[in-house]
Amino acid sequence: MLSRRPAVLVLTGVLALSACSTDDPPPLHPVPGASGAGDPYYPDDGNGGYNALDYHVDVSYDPPSGRLDGDTTVTSKATQDLSSYNLDLRGLDVASVEVEGKPAKFSRQKEHELVITPADPLRSGTEFRTRVRYSGMPEKTPHSGVGDNGWSRSADGGAYQVGEPHSASFWYPVNETPRDKATFTLTAHVPSGWTVLSNGREQGSGTKDGKTTTTWQEPNPVASYLTTIAIGKFTVERATLPNGTPVVSGYAPGAESREATGARLPEILSFLESKFGPYPQSAAGGIYLDEDIHFSLETQTRPTYAKWAEVPTVVHENAHQWFGDSVTLDSWSDICLNECFASYAQWLWAEREGNDLDQQYRTAVEITRNSADFWARKLVGMGAGHEFEAVYDKGILAMHALRRELGEAAFSKLMHEWPAEHRTGNATWADFEQLVARLAGHDMRGFLTDWFHGTKLPTDADLYPGALRH
């Protein structure tokens, strides 16, 4: 960059410095931040003009009435001069907003946009704090979509929150895009006798005047859909992994029989570490609900399980702690980076139990060979609303074929290097293909197109690579 010093003029023998100084800040040119983060599948999700750095969510919840009172502070850094910016919040009533301690104007737009106009424009590069006080009945907020569960009441009278791609905005103001990960702290107040579980490490719990206050803190950046809260009459079990990582698991009334499944977590994590490298999270555990919801979710450090979840599901959701939670997708079109790998982890576990994966693969191919519908589903760039259609079955076959195409040594390096290279960050499918090509040492474009971008049965060479040809 070429820098110019202030001009010096000689006027009648007197040196006159120009009025401008390089120490003066540049003039402000504030404009509103974008109302979307740019994901082509969900263009209204998230917001632009800033990066969220940290969330401190403080909520009080009354199980009998279902009322939630919230007081959330979001610490952010402006990426442009801002006259206004948005947070995402669904349904709840906002009482007040402050920016850097000063009252700010706010309005609601569309179904989830909280538009904030600070008293003073924000300069690009500035860190600033937004405090939002709000309240309401989160369970009454409309929701839709296969993975949008909304705020839900549990059988014991408590509540829980899981959802993908939308989750956090049902109970706190947030930049709801996986592109903007941030650290997360929850302080929750509930009537005595109730327990609150969330992400990360317990920071303390105490009861006073009939209220129990618990704080959880996740020091690793987390995508907002992976944050959670569960309020219930949990039986809580605590342990420690060999490396000192705390393990906290809670079992809702009716789910106590699942304690034997939860007790296998150290064994499962040790196995996954042998495949993917060191466990990347600050804590571990699980939230075992007695709810017949149609999915479990890899909520960071502490997955949330439906009542039907067994050991293979625990393997799947904890594989996500590497693939999806630590290394987070940049766009929802790349969901295979999460689900294809976590689903294949179940096959790796089955292999550990003695299953012949090559035979499983061949059998699955023969069953589906003549199903045009099965092969028509894309694993990458599948289109909005189709993200979860192929990743759990075709995705497993694609991963096993990739393993045989690369060979054991290169595939093992891939499974270790990918989560290490992008730990706590975001990555794209293009990034993954570049790593595959580098480790393969030969042109992989045809294979990757056939399996991950294609809409028909792969060619025989790609369908039966390596040892599968025998």
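One can find the structure itself at the top, above this paragraph.
These lines cover the structure that appears in this document, whether it is placed above or below. (Residues numbered from 1 in each chain as written. Predicted model: local features only at pLDDT ≥ 70, side-chain atom pairs only at ≥ 80, totals over all residues. Heavy atoms only, no water.)

Further remarks concern the overall build of the protein chain. A tally of helices and strands in the protein chain yields 11 helices and 24 strands. Viewed in the frame of its principal axes, the protein chain has a C-alpha envelope of about 95 × 65 × 45 Å. The buried share among the 470 residues of the protein chain stands at 54%. Side-chain charges in the protein chain split into 41 positive and 62 negative, and the spacing between the mean points of these groups amounts to 3 Å. (Helix = DSSP H or I, 4+ residues; strand = E, 2+ residues; numbered from the N terminus. Buried < 20%, exposed > 50% of the residue type's maximum accessible area, 1.4 Å probe, protein only. Lys, Arg positive; Asp, Glu negative; His and termini not counted. Charge placed at Lys NZ, Arg CZ, Asp CG, Glu CD.)

Our focus in this paragraph is the pattern of salt bridges. The tally for this structure, following the rule as stated, stands at 25 salt bridges. With a shortest N-O distance of 3.3 Å, Glu-366 and Arg-369 are connected by a salt bridge. What makes Arg-369 partly exposed here is its relative accessible area of 26%. Across the salt bridge formed by Arg-445 and Asp-443, the nearest N and O atoms sit 2.9 Å from each other. Where salt bridges share partners, they join Glu-351, Asp-358, Arg-403, Arg-404 and Glu-408 into one cluster. (Salt bridge = Lys/Arg side-chain N within 4 Å of Asp/Glu carboxyl O.)

This brings us to empty space enclosed by the protein. By the definition in use, this model includes 2 cavities of 30 Å³ or more. Roughly 50 Å³ of internal volume is contained in the largest cavity. The wall of the largest cavity is formed by Ser-154, Asp-156, Ala-159, Tyr-160, Ile-231, Gly-232, Phe-234, Ala-252, Leu-289, Asp-290 and Glu-291. When residues of the lining of the largest cavity are traced back to their parent elements, those giving at least two are β13 (159-163) and β18 (229-232). Class assignment of the residues belonging to the lining of the largest cavity gives a composition of 6 nonpolar, 2 polar and 3 charged. When we break the lining of the largest cavity down by domain, the ones giving at least three residues each are domain 1 (29-225) and domain 2 (234-326). Ala-37, Asp-39, Tyr-42, Asp-45, Glu-176, Thr-177, Pro-178 and Trp-332 together form the lining of the second largest cavity. Tallied by class, the residues present in the lining of the second largest cavity amount to 4 nonpolar, 1 polar and 3 charged. (1 Å grid on protein atoms, 1.4 Å probe; cavity = no way out; pocket = protein on both sides within 12 Å on 5 of 7 lines; lining within 4 Å. Points joined across faces, edges and corners; volume = space filled by probe spheres on them. Nonpolar A, V, L, I, M, F, W, Y, C, P; charged D, E, K, R; others polar. Domains from an automatic or database assignment.)

Below, the discussion takes up the packing of helix α5 (residues 357-368) against helix α7 (residues 394-406). Running from N to C, α5 and α7 cross one another at 130 degrees; their axes reach a closest spacing of 11 Å. Judged on the interaxial angle alone, α7 and α5 are oblique. For the pair α5 and α7, the crossing hand works out as left-handed. On α7, the residues that touch Leu-357, Asp-358, Tyr-361, Ala-364 and Val-365 of α5 are Leu-397, His-400, Ala-401, Arg-403 and Arg-404. The residue makeup of the contact of α5 with α7, split by class, is 6 nonpolar, 1 polar and 3 charged. (Axes fitted to C-alpha atoms, helices over the stretch in contact; angles between N-to-C directions. Parallel < 35°, antiparallel > 145°, perpendicular 65-115°, else oblique. Left-handed = near helix turned anticlockwise from the far one by under 90°. Contact = heavy atoms within 4.5 Å.)

Here the focus is helix α3 (residues 311-319). With 8 of 9 residues buried, α3 lies mostly within the body of the structure. For α3, the set of buried residues is Val-311, Thr-313, Val-314, Val-315, His-316, Glu-317, Asn-318 and Ala-319. Tucked inside the fold, the buried residues of α3 contact α1 (259-262), α2 (265-276), β21 (284-288), β22 (304-305) and α4 (336-352).

We now examine the side chain of Ser-224. Tracing the backbone shows Ser-224 in the loop between β17 (211-222) and β18. Not counting the four nearest positions on each side in its chain, Ser-224 is found in contact with Ala-168, Tyr-172, Val-174, Asn-175, Glu-176 and Thr-177.

Bringing the sheet that holds β17 into the picture now. Backbone hydrogen bonds are what pair the strands of a sheet, in a parallel or an antiparallel way. Strand order in this open sheet of 8 strands is β8-β7-β11-β5-β4-β14-β17-β16, and the pairing throughout is mixed. Each edge of the open sheet is held by one strand with a lone partner, namely β8 (102-103) and β16 (201-208). One ladder, built from 12 bridges, connects strand β4 (residues 50-62) with strand β5 (residues 67-78); its direction is antiparallel. Bridging across to β5, Asp-58 finds its partner in Asp-71. (Pairing = 2+ DSSP bridges.)

The subject of this paragraph is the environment of Ile-396. Within the secondary structure, Ile-396 is located in helix α7. Among the residues examined, Ile-396 registers a relative accessible area of 11% and is labelled buried. Along the sequence, Ile-396 and Leu-122 sit 274 residues apart, while their C-alpha atoms lie 47 Å from each other. Setting aside anything within four residues of it in sequence, one finds Ile-396 in contact with Ser-343, Tyr-344, Trp-347 and Val-391.

Here the focus is the sheet that holds strand β10 (residues 113-117). Read across the sheet, 4 strands follow the order β3-β6-β10-β9 without closing on themselves; strand pairing throughout is mixed. Two strands in the sheet have a free side with no partner beyond their single neighbour: β3 (31-32) and β9 (105-109). Judged from the 4 bridges that link them, strand β6 (residues 82-88) and β10 form a sheet pairing that is antiparallel. Bridging across to β10, Leu-87 finds its partner in Leu-114.

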